[in-house]
Structure formats: structure tokens, C-alpha cells
Amino acid sequence: MAEVKKAKAEKEAKVADPVAASIDPATQQMLRRAQELGIDTVWDRAVTMKQCNIGLQGICCKNCAMGPCRLPLPKGGIEGEDTRKGLCGATPNTIAARNFIRMIAGGAAAHSDHGRSVAEVFLSVARKETEDYKIKDPQKLMAMAPHLGVETTVEVDGETKDRDLDEIALEVAEKAMAEWGKPDGELEYLKRAPKPLYEKWVKAGVRPRNIDREIVEIMHRTHMGVDQDYKNLIKQGTRAALADGWGGSMLATDLQDVMFGTPYPLQSEANLGIMKEDHVNIIVHGHEPVLSEMIVAAAASKEMIDYAKTKGAKGIQLGGICCTANEILQRHGVPPAGTFLQQELAIITGACDAMVVDVQCVFQNLANVAKCFHTKLITTHPIARMEQNNVEHIEFDEHHAMDDAKRIVKMAIDNFTNRGAEVMIPRQKATQIAGFGVESIQYHLGGTFRGNYFTLNDNIINGRIRGIGGVVGCNNARTRHNEAHIAVVKELIKNDVIVLTTGCNGIACAMEGLLTPETAGVYCGPGLAEVCETVGIPPVLHMGSCVDNSRILLAATEVVNAGGLGKDISDLPAAGSAPEWMSEKAISIGQYFVASGVYTVFGVGLPVQGAPVFQDYLFNELENVYGGKWDLVVDPIEHAQAMIAHIDKKRKALGIDKARERVLMDMADRMKLESA
Ligand code: SF4
Ligand code: MSK
């Protein structure tokens, strides 16, 4: 009997505790259901799969077949000289720096290859090779063209005239494509940064030459026996990261806005409760909006809705996971069904008729989960297929984009009648306002007649807004789902720090109901609440997907340009955060934020802890070069407080700390003053 009890306890211990796994009741409910059905999810696998402590600290090298060489920190720490070395003599600093910048290469490649795909579609549009995509926002095209060195006017007989839009589009497309592989020069967008920042990059010798080259060079330098100086290695990491933030990602964002429309605030919902039992549910997941834009159009077409009705459905409900969700949310109001960690759960509802995936952050286990239900799992990207035989591959091509999208939507509709009896959709969903960007912040905080960043700056200078927090990034199954995201953001807004969010943090905040103007009165400090209530914006502004972190860089640049808050991004009372990061893209984003002058705090852990000298270089010395630096603070309240301390330090340096002290007088102080 005792044996049976023990076996049972062990068996039970091998699955995750739903309440410990997530703060979200919908997630907990679906996790319980998965366990009842005997389907494992990422959280259960996190219980059974132990992490390697040496890999976690960044000090395992497998860059050649004499390794893996593992250099654990001695028990009790290092006394005297650090004598650890691999077979070739590589030090912990070299190994950790090589691993770190290989992560940057992976992240920068993912973002930038996404950007390249968008640029290729845009080139097809400019060449008029596709009917399905158009230039939706010519103003954005005109705004981005000069940054690529493309003229928007032409002199004719001494008169300045607007250039033909088609001509501009073609030149922009060609110039954009060249950013990935031009033989000379530097990335065109670098000069969009504040001048002092650009000059720092010149001085440090880190201006990216072209996007592909910087990524390839990381792979060369980190090959066995090449670069063996952690400072020189991170310099190359910086080049590749800047090629991501001020290159591939920024081009992706701009060209997506030109083709699909620049986002403006709109209302939507978030969480698994957006799925509908009586509708055909299609979940799009991944990152590139090129296909999902077409799916949105196809699913909204009368032809497809009528077809869905012939199958007994009331309509078609689209939803998203990860950043494809954010892309179609910000432009069309399509609601996200959840964050990165909820992808398996969307299928476990039993109501997902098709899950359509493209690239990045897609679990291979989706195929195993889909086998347990009627869900069609469809891969669409030539570079991202799955080995399991229940996965359909419909390769998407911009030349017949709408046909592909209709085929996929039709497949989902046809599958509606195959649903099993057991559908369980959690009730939870929250309202959100999303779709903020550089342009809409300008409009909202500047007003119709004063469309600029002066009002935002005024409110920072007078202390109503203490500073700006960019809180972004993934979920990580090694930490409680969404807990740190929400705790960090709530602590920031409570302390009058306005939050700009992207990626899965944006979805987490939406699920928690933090993306509504009404939130301000509940969670914000008095200064931020007053601004949000006056202007009618949420205290947390959802700026889009992972590539849209470039919007945060440009918003920060606009704040610098509006004046009164220093001359560079590093002067601003601002800080960055990724409380639950997991992807290589997060490391690339972190490095380009740091190299753009931002104090950037990560949660979870960083794979540099086993190389204290390299870690110190990232956490302290980089600040002397770029004005920004890395930090690691796992506890979410301490994490937010570290950001606030940095913001206060910058306020003091700007001489605006006194203004804030005045603003934060409480009622007793006021009464004292009045009676004096
Ligand atoms: Fe070991 Fe050096 Fe080979 Fe890395 S490159 S696995 S440290 S011998
Ligand atoms: S999707 S990279 S889990 S934010 Fe962009 Fe979310 Fe991180 Fe993927």
C-alpha cells in the first residue's frame, strides 16, 4: 500500500501545479484539463526536465569536438586568479562572451530575416508583381524615405514637385533590400538616433556595415580559435544587435506600417476566452504578419463567412498567440488568445479548428497536442516545418497570397464539423486598448494642434510622470506565468512611471486589464493617473510586436528631440525591462537597448553569471561606452525598484528631481502650506 502511495505521489509530482504555474485562472483551468486528459504541456515538462546549472551560467563551450568544456565556478567562489580553462585554454570570459553573442546572432537573425521577408514582399508591391498587397500608408512611406536617402521631391524647371509615389516605393524597396548586404558604408537608419548617440557608436567603432555581415561575423569570431577577448567579442555583439534594432527590426516595422497601415489605438480583448464555441476558431501564431494580414482579410470576406454558416457555425473567430497576434491586434483589433506559454492551451480548449503558424516561438509539441484533438496544425513558412506527420504544410507565397489564405481558412471551416463533444473554453477575457506607436503617442500627448512630444516632456519635467519604463519580452516556463510581468508593470505605474510595452508583456498586461484608461485610477500614482485621465490613455501603452521595440527606440528619440530632458537617450529618466525573457531575440534586444543608452534589467537569470569579469563588463563598464548597461534582478518588485532608482538618478542629473518632490506633496503637506 505504501508503495502504491509513493508511486502515486511521484506520478503526481511529475506534473506542474497549475496555481504555481500561472497567475491566470484561464491558464490554470486549461492546465488542469490537460492533466486530466493525460496531455503534457510545457509546464509539466519543466517539472521533469532539470536545467543544466553550468549551461545556465554561460560557461559550457561546445564550439569544437574536443568539448563540451564545462567550467563550473569552484564551490565557495574564486579566490585569487581564476584558472579555469577549456582544452584550448578558453577562459570563462571568452566562453560566456562567445555564447552570449551567439545568442545575439540568433536573435538579430530572427528579427532581421523577418524584416527581409517583409522587404521582399514590399519589393514585389513596388514592382507591381502582386495584387494582394498595396501601399496602405503612403504618408509613412514618405516619412521613412528620407531616412534611406530617398528623395521625395524633385526639381522641375526650378520648381519643387512631389515625386511619383511608385518611383519612391521602388527606390525605398531597393535601398531597404541593400541594407542586408551592401558592400560599403553603414546602415542608413543609424542617423535616426540622437546625434550624441551616433557619435558614441562612431567612437566605439560599432556602426553596423550591413545586417547579414554582422551576424555572419559573429559566427566566424566565435568559431574555435578566433576571437578570444571578451571586450572585442561583445563589440561585435553590439554591432549585430544595433543591426537588429536600428536595422532589421526597424525596417520590418516601417515597411509593415507602409503596407498594412500604421497602428492607431483601437479596442479589443485578450485571453483564451476570446474563442467562441459556436464559431470557427482560427488561431494564428508566430511573428510575420505577411500571411496573417491575408488571413484577416479572408476570414472577414462574405464568401468565407457564408461558407462557415453552411457548416453550422455562426461566423469565424480569429485569434492570435505571440507576436503575430500583436501584429493583427494593433492593425485590426483581432484579439490575442494568449501569450507564448498558452499556445498549447488554445488547442486544449478543443475549439481550435486550425492553428496556423509561421516563424519563431512555436512549440514543436503543438503537433503532439493537436493529435489529441481535431485541430489542423498548418505550417506556412518554407524555413519552419515540423517532422510530425499530422502537420499540414501550405507554403505561403506573396504572389498568390489571398488564394493561400482562403485555402487555409476554408480548411479550418471544413474542420469545424469534426470537433469532439468536449469543448471547454475558459470564460476569462479582458478588454484592452492597443495600437500605440510613435505617431499616436505624438497625437495623444500633443493634441491635434500640437502634435509633438512637448506635452509628454512637460509632464516628465513637472514630475507628474516620473519616467518611462519599456517592459517587454517573453514568458519563461521556469517562472510563474505572467507573475513578474504584472508585478513589475504595476509597481512602475504605481510609482508614476508610464510603461511602453511590446511582445508577450503586452499580451500579459492586456489579460490583466492594464491596457485601459480606467486602469489609471486604480493602479497608478497620482501624477500618472492625472495625465492618463486627462488625455484618456492607458498608463501602459501597447506598442506592438518584438520587432516593434524599434518603435520604443524612436519614441525615446522623439522625447530627446522635443527638448528639456537632455541630449541623448541615456540622459532620459527611462529604463528597460524583460522580466520573463526566454528567447535569443530578447538578448539581442537587450544589447541594442544597452548600446542605445538604456539601463536594461532582465529577470529569470542571465547566462553570464559563471564569468564574473565578463558579467561586470556588461553590468558596469558598458555604461562608460554607451550610457546604458545590463542588470539582473529576479524579484519583480526589486526589479521595478531598480528601474525607478535609475530613473530618479537621471531626474537628479537633469535637475528635475525637485519638481517631482513638489508634485508628490500629499494632502497634509498642502494643508500645511495653505495654513502657513
Ligand atoms: Fe573546449 Fe576550446 Fe573546443 Fe570550446 S573551443 S569546446 S573551450 S576546446
Ligand atoms: S513572441 S520572442 S515569446 S515576446 Fe514575440 Fe513572446 Fe518573446 Fe516570442
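Residues numbered from 1 in each chain as written. Chains lettered and ligands numbered in written order. Predicted model: local features only at pLDDT ≥ 70, side-chain atom pairs only at ≥ 80, totals over all residues. Heavy atoms only, no water.

Colleague: Just give me the short version of the overall build of the chain, but keep the residues and values in it.
Modeller: When helices and strands are tallied, the chain shows 29 helices and 18 strands. For a compact globule of 676 residues, the expected C-alpha radius of gyration is about 26 Å, and the chain comes in at 25 Å, within 12% of that figure. Out of the 676 residues belonging to the chain, those deemed buried represent 60%. Looking at the chain alone, contacts between residues at least 24 apart form 75% of all its contacts between residues at least 6 apart. Total accessible area on the chain is roughly 26500 Å²; 52% of this is exposed by carbon and sulfur atoms. Taken as two groups, the 73 positive and 87 negative side-chain charges of the chain have centres that lie 4 Å from each other. (Helix = DSSP H or I, 4+ residues; strand = E, 2+ residues; numbered from the N terminus. Rg over C-alpha atoms; globule rule 2.2 N^0.38 Å. Buried < 20%, exposed > 50% of the residue type's maximum accessible area, 1.4 Å probe, protein only. Contact = heavy atoms within 4.5 Å. Areas by Shrake-Rupley, 256 points an atom, 1.4 Å probe, with all protein chains shown as cover. Lys, Arg positive; Asp, Glu negative; His and termini not counted. Charge placed at Lys NZ, Arg CZ, Asp CG, Glu CD.)

Colleague: Run through the pattern of salt bridges, naming residues and quoting values.
Modeller: Counted under the stated rule, the structure contains 44 salt bridges. Measuring nitrogen to oxygen at the nearest pair gives 2.9 Å for the salt bridge that ties arginine 163 to glutamate 171. Members of the salt-bridge network, linked through shared partners, are Lys140, Arg192, Asp254, Asp257, Glu327, Arg331, Glu439, Asp548 and Arg551. (Salt bridge = Lys/Arg side-chain N within 4 Å of Asp/Glu carboxyl O.)

Colleague: I'd like to hear about the sheet that holds strand E17 (residues 599-602), residue by residue, with values.
Modeller: Pairing is parallel across the open sheet formed by six strands, whose spatial order is E15-E14-E13-E16-E17-E18. Each edge of the sheet is formed by a strand with only one pairing partner; in this case those strands are strand E15 (540-542) and strand E18 (630-632). Neighbouring strand axes in the sheet, compared pairwise and without regard to direction, differ in orientation by 25° on average. The pairing of strand E16 (residues 574-578) with E17 spans four bridges and is parallel. Bridge pairing in E17 links glycine 576 to threonine 600. Packed on one face of the sheet, helix H21 (residues 503-511) meets strand E13 (467-471), strand E14 (497-501) and E15 and runs near 125° to E15. (Pairing = 2+ DSSP bridges. Axes fitted to C-alpha atoms, helices over the stretch in contact; angles between N-to-C directions.)

Colleague: Could you give an account of the nonpolar core, naming the residues involved and the relevant values?
Modeller: Residues Val172, Trp201, Trp246, Phe614 and Trp630 are the most contacted members of the largest nonpolar core, which totals 173 residues. Counting residues per element, this core draws most heavily on helix H6 (residues 92-126), at 16 residues. The contact partners of tryptophan 246, leaving out residues within four places of it in the chain, are Leu187, Tyr189, Leu190, Arg192, Ala193, Leu197, Trp201, Leu553, Leu554, Thr557, Ile569 and Ser596. With 39 residues, the next largest nonpolar core counts Leu272, Phe340, Phe363 and Ala367 among its residues. (Core = buried A, V, L, I, M, F, W, Y, C linked by side-chain atoms within 4.5 Å.)

Colleague: Would you mind going over the environment of lysine 649 in detail, with residue names and values included?
Modeller: Its location among the elements puts lysine 649 in helix H27 (residues 636-654). You can call lysine 649 partly exposed: its relative accessible area is 44%. For lysine 649 and glycine 566, which are 83 residues apart along the polypeptide, the C-alpha to C-alpha distance reads 13 Å.

Honestly, it's all geometry; don't read function into it.
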